[in-house]
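# Observations on chain architecture
Below, each chain spelled out in residue letters.
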Amino acid sequence: QFEIYYHFLIEENNKYNLTAITQPLEVVVKHFIDSVLPQDILPKNAKIIDVGTGAGFPGLPLKIVRPDLKLTLIDSLEKRVNFLKNLLVKLKIEDVTVVHARAEDYIKNLRESFDIALSRAVASIPTLSEYLIPYVKLGGKILMYKGNKIEEEISIGEKAIEQLGGKIKEIKKYYLNEVESNRFILIINKVAITDKKYPRGKNLPKTKPII
């Protein structure tokens, strides 16, 4: 399945502009392995949403290694969503919902209904918190894939996490390879119900984050 994933990603990349990483080993390390790092900390049969999934990372590689997961992939770009729908047919994977929507719109019917929300999207912790935490039920978890500046980011993001009903549980550190070195995954527990005014619309989580 990963081989099919790789070939289809490269084949469709010119059409959809999915990734700047195209060399086989780089895709394996920086997309596939990176995505599946937290596979062991996801509960069995967990209902998961991957917000801003792009070409399916990290949600789809996690589904390949953990077929028990109930996965929703959401992205605001229709061309990426079309790519993912075609890819799922090729991979013969079921039980995956692919959604073309903005996170703040799709949440209307699914507030606090997921066990896990995760994202590998490049956004600050306050912004990601506002998009992810409202989706997770009490007792669930939020996973954010982060780089070496994680401590700095946490100092800016702690207020938003708390205000949105989250509490930092731990930072897991993974060693990828000599080039990429470290990947950090910030794990946040959902400890309180999120105020219904979040996430805000009009791109406010990005332009005016909670800090």
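Read on for a plain summary of the structure.

Parameters at a glance
- Residues numbered from 1 in each chain as written.
- Predicted model: local features only at pLDDT ≥ 70, side-chain atom pairs only at ≥ 80, totals over all residues.
- Heavy atoms only, no water.
- Helix = DSSP H or I, 4+ residues; strand = E, 2+ residues; numbered from the N terminus.
- Buried < 20%, exposed > 50% of the residue type's maximum accessible area, 1.4 Å probe, protein only.
- Contact = heavy atoms within 4.5 Å.
- Areas by Shrake-Rupley, 256 points an atom, 1.4 Å probe, with all protein chains shown as cover.
- Axes fitted to C-alpha atoms, helices over the stretch in contact; angles between N-to-C directions.
- Left-handed = near helix turned anticlockwise from the far one by under 90°.
- Nonpolar A, V, L, I, M, F, W, Y, C, P; charged D, E, K, R; others polar.
- Parallel < 35°, antiparallel > 145°, perpendicular 65-115°, else oblique.
- Pairing = 2+ DSSP bridges.

### Considerations on the overall build of the protein chain
- Each helix and strand in the protein chain was counted, giving 8 helices and 7 strands.
- Once the C-alpha set of the protein chain is aligned to its principal axes, its extents read approximately 45 × 40 × 35 Å.
- Per-residue burial over the protein chain gives 52% buried out of 211 residues.
- Considering only intrachain contacts with a sequence separation of at least 6, the fraction spanning at least 24 residues in the protein chain is 68%.
- When the accessible surface of the protein chain is totalled, it reaches about 10300 Å², and 51% of it is carbon and sulfur.

### Comments concerning the packing of helix α6 (residues 125–132) against helix α7 (residues 150–163)
- Two elements in contact, α6 and α7, have axes whose closest approach is 8 Å; the angle formed by their N-to-C orientations is 35°. Seen from above, α6 lies across α7 with right-handed handedness. The residues of α7 that touch α6, namely those facing Ile125, Pro126 and Ser129, are Glu153, Ile154, Ile156, Gly157, Ala160 and Ile161.
- Here the residues of the contact of α6 with α7 are counted per class, giving 6 nonpolar, 2 polar and 1 charged.

### Overview of the packing of helix α1 (residues 2–16) against helix α4 (residues 78–91)
- Two elements in contact, α1 and α4, have axes separated by 11 Å at closest approach and are oriented at 155°. Comparing their axes, α4 and α1 come out roughly antiparallel. Two packed elements cross with a definite hand, and for α1 against α4 that hand is right-handed. Across the interface between the two elements, Ile4, Tyr5, Phe8, Leu9, Glu12 and Tyr16 of α1 pack against Lys79, Asn82, Phe83, Asn86, Leu87, Lys90 and Leu91 of α4.
- Here the residues of the contact of α1 with α4 are counted per class, giving 8 nonpolar, 2 polar and 3 charged.

### Topic: unusual backbone geometry
- A cis amide bond links Phe57 to the next residue, Pro58, at an omega of 5°.
- Relative to the helices and strands, Pro58 resides in the loop between β1 (47–51) and α3 (59–65).
- At the junction of Tyr198 and Pro199, the peptide bond is cis and its omega measures out at -5° in the coordinates.
- Backbone geometry places Asn17, a non-glycine residue, at a positive phi of 55°.
- As for its position among the elements, Asn17 is in the loop between α1 and α2 (24–36).
- Residue Lys202 is not a glycine yet carries a positive backbone phi of 55°.
- Examined against the element boundaries, Lys202 turns out to sit in the loop between β7 (182–190) and α8 (204–207).
- You can call Lys202 exposed: its relative accessible area is 79%.

### Examining the sheet that holds strand β3 (residues 96–100)
- Overall, mixed pairing links the 7 strands, which are arranged β3-β2-β1-β4-β5-β7-β6 in an open sheet. Two strands close off the open sheet at either side, each with one partner strand: β3 and β6 (166–175). Mean inter-strand twist for the sheet, computed between neighbouring axes without regard to direction, equals 20°.
- With 5 bridges joining them, β1 and strand β2 (residues 70–75) adopt parallel strand pairing. The partner of Ile49 across the bridge, within β2, is Thr72.
- Taken strand by strand, α7 contacts β5 (136–146), β6 and β7, and its axis lies near 155° from that of β6.

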